[in-house]
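# Coordinate inspection notes
So the chains spell out like this:
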Amino acid sequence: MGNCEALKILLAIFLITTTTTTKVVLVVAGGTLQRIPTTLQGPFEPVTRRFDPSLRRGSDDLPMNHTRLKKNVTSNFPEQIALAISSPTSMWVSWVSGDAQIGSNVTPLDPSTVASDVWYGKQSGKYTSKRGGNATVYSQLYPFKGLLNYTSGIIHHVKID
């Protein structure tokens, strides 16, 4: 299929809902309807198509020393802070401290060297309650030459209830 045909096909995807079923239908140029199968109709034979490189519109990866990737805080400053409600009376606080590493020779950080503590309270500036949690490090180490290893910063999780 050429680029021109690919552009003609791209029109819309609709959800058609009745009282008993939901169907996804692909509408293509020329008015031809093709049903997109659901997982309930599978399993399916895999279909592999050659990728058309002219469709690639992304950018090249930035080198790790690029100024836009420069870290602006100290190594153990909390980053990527996330709050997640887990029940009507509790929530999780998660964050990352320390630097991730990418390269052929990485050394994972030791999560036991830092505390995973959250101080909190009912009034701003008066944090009288404290909860501790756990910390972990994720590493992906490849035994093959040429692949870059990865190890995360220290990932903290604390449940407040």
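Here the structure is a predicted model, which is why all the values come from computation and not from measurement.

## Things to note about the pairing of strand E12 (residues 154-160)
Alternating residues of E12 divide into Ile-154, His-156, Val-158 and Ile-160, all buried, and Ile-155, His-157 and Lys-159, none buried. As paired elements, strand E5 (residues 90-97) and E12 share 7 bridges and run antiparallel to each other. The residue of E12 that forms the bridge with Trp-92 is Lys-159. Taken together, the 3 bridges between strand E9 (residues 134-136) and E12 define a ladder with antiparallel strand orientation. Paired with Asn-134 across the bridge in E12 is His-157.

## Observations concerning the sheet that holds strand E6 (residues 101-103)
Judged by pairing direction, the sheet is antiparallel, and its 3 strands sit side by side in the order E6-E11-E10 without closing on themselves. The open sheet has two edge strands with one neighbour each: E6 and strand E10 (139-140).

## A word on unusual backbone geometry
A positive phi angle, near 50°, is found at Gln-80, a position not held by glycine. Within the fold, Gln-80 resides in strand E4 (residues 79-87).

Rules used in this analysis
- Residues numbered from 1 in each chain as written.
- Predicted model: local features only at pLDDT ≥ 70, side-chain atom pairs only at ≥ 80, totals over all residues.
- Heavy atoms only, no water.
- Buried < 20%, exposed > 50% of the residue type's maximum accessible area, 1.4 Å probe, protein only.
- Helix = DSSP H or I, 4+ residues; strand = E, 2+ residues; numbered from the N terminus.
- Pairing = 2+ DSSP bridges.

Honestly, that's just the spatial picture; any functional story needs more than this.
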